[in-house]
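If you want the building blocks of each chain, they are given just below.
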Amino acid sequence: MLLFEVSFQEVAGIAIVLIIGMIVYLLMELKNVRRELRIKQPAADNSMLRLQAYERLSLLADRITLKNLVTRMHAAGYSAEELKAGLTQTIREEYEHNITQQIYVNPEVWKAVTNLKEQNIYIINQLATALPPQAPAVELSKLILEYSGSNNAELSAIVLDAIQYEVKKII
């Protein structure tokens, strides 16, 4: 004889409760997994933003290299003073165009980029003062190219090395 009798309806009710409980549990787990994915997602996007920022800064460092600046700026018909103004304005504009990248990169790398900008403006100004006031731009171009051709004359190689080092840490 059975100690207690369980009807089919009672078994079905218990089964339904168990199934609903399992569904609720699985939905809660799914919600937790989604939450964890959302938390992890920005980190992946952040590394892509950082890589893009370093890419832009490497382009900036290359574009404001003295040799590249002089090569891009056509000096024909200008005075050395006009070329000096054009070169320094170009450096400042390139820098300002990329200024927002500083929020994504190592502060030391950003400081190196800023120092590169300041150094190149200083060098251009110093070389321009060595020329007579009405000297043609070609003379300033020659001085800049001679200076940039000397060993370890430019900071850009060091800045590019620092950028590459930081990128390797991300990748």
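As a reminder, the structure under discussion sits directly above these lines.
As the structure is a computational prediction, the values presented were derived from the model and not from experiment.

Caption draft 1: Structural view of the packing of helix α3 (residues 80–97) against helix α5 (residues 137–149). Put simply, α3 and α5 touch, their axes get as near as 7 Å, and they point 55° apart. By the angle between their directions, the pair α3 and α5 is classed as oblique. When the axes of α3 and α5 are compared, the crossing they make is right-handed. Residues Ala80, Leu83, Lys84 and Leu87 of α3 touch α5, and the partners they reach there are Ala137, Leu140, Ser141 and Ile144. Residues that form the contact of α3 with α5 fall into these classes: 6 nonpolar, 1 polar and 1 charged.

Caption draft 2: Examining the environment of Glu81 more closely. Take Glu81: it is sitting in helix α3. What makes Glu81 partly exposed here is its relative accessible area of 43%. Expressed as a C-alpha distance, the spacing of Glu81 and Tyr165, which sit 84 residues apart in the sequence, is 38 Å. A distance of 3.1 Å separates a polar atom in the side chain of Glu81 from a polar atom in the side chain of Lys84.

Caption draft 3: Local environment of the environment of Arg63. Take Arg63: it is sitting in helix α1 (residues 8–63). For Arg63, a relative accessible area of 30% puts it in the partly exposed group. For the pair formed by Arg63 and Ile91, sequence separation is 28 residues and the distance between their alpha carbons is 8.3 Å. In contact with Arg63, other than residues within four places in its own chain, are Asn68, Leu69, Arg72 and Glu94.

Caption draft 4: Quick look at the nonpolar core. Counting residues in hydrophobic clusters, the biggest one holds 33 residues, and the most contacted among them are Leu57, Leu87, Val113, Leu140, Ile144 and Ile163. At the level of secondary structure, the elements contributing two or more residues to this core comprise α1, α2 (66–72), α3, α4 (107–129), α5 and α6 (156–170). If you tally residues by element for this core, the top one is α4, at 9 residues. Apart from the residues lying within four places of it in its own chain, the contact partners of Leu87 are Leu69, Val70, Met73, Ile124 and Ile144.

Caption draft 5: Structural detail: the pattern of salt bridges. Evaluation of the coordinates by the stated rule reveals 4 salt bridges. The residue Glu94 makes a salt bridge to Arg63 at a minimum N-O spacing of 2.7 Å. Of this pair, Glu94 sits in helix α3 while Arg63 sits in helix α1; the two residues are 31 residues apart in sequence, bridging distant segments of the chain. Accessibility expressed as a relative area gives 14% for Glu94, which makes it buried. Of the charged contacts, one joins Lys169 and Glu166 as a salt bridge, the two residues approaching to 3.4 Å between their closest N and O atoms. In this pair, Lys169 and Glu166 both sit in helix α6, 3 residues apart, roughly one turn of the helix. Its relative accessible area of 53% is what places Lys169 among the exposed residues. A relative accessible area of 7% places Glu166 in the buried class.

Caption draft 6: Structural detail: a nonpolar patch on the surface. There is a patch of nonpolar side chains on the surface, built from Ile16, Ile20, Val24 and Met28 and spanning about 380 Å² of accessible area. Residue placement: Met28 occurs in helix α1.

Caption draft 7: Summary view of the packing of α4 against α6. Relative orientation of the contacting elements α4 and α6 amounts to 160°, with a least axis distance of 10 Å. One way to sum up the angle between α4 and α6 is to call them roughly antiparallel. The handedness of the crossing between α4 and α6 is left-handed. Residues Val109, Ala112, Val113 and Leu116 of α4 pack against Ser156, Val159, Ala162, Ile163 and Glu166 of α6. For the contact of α4 with α6, the residue count by class is 7 nonpolar, 1 polar and 1 charged.

Basis of the calculations
Residues numbered from 1 in each chain as written. Predicted model: local features only at pLDDT ≥ 70, side-chain atom pairs only at ≥ 80, totals over all residues. Heavy atoms only, no water. Axes fitted to C-alpha atoms, helices over the stretch in contact; angles between N-to-C directions. Helix = DSSP H or I, 4+ residues; strand = E, 2+ residues; numbered from the N terminus. Parallel < 35°, antiparallel > 145°, perpendicular 65-115°, else oblique. Left-handed = near helix turned anticlockwise from the far one by under 90°. Contact = heavy atoms within 4.5 Å. Nonpolar A, V, L, I, M, F, W, Y, C, P; charged D, E, K, R; others polar. Buried < 20%, exposed > 50% of the residue type's maximum accessible area, 1.4 Å probe, protein only. Polar contact = N/O pair within 3.5 Å; in protein donor to acceptor, adjacent residues only side chain to side chain. Core = buried A, V, L, I, M, F, W, Y, C linked by side-chain atoms within 4.5 Å. Salt bridge = Lys/Arg side-chain N within 4 Å of Asp/Glu carboxyl O. Patch = residues over 30% accessible without salt bridge, like charges linked within 9 Å, V, L, I, M, F, W, Y side chains within 5 Å. Areas by Shrake-Rupley, 256 points an atom, 1.4 Å probe, with all protein chains shown as cover.

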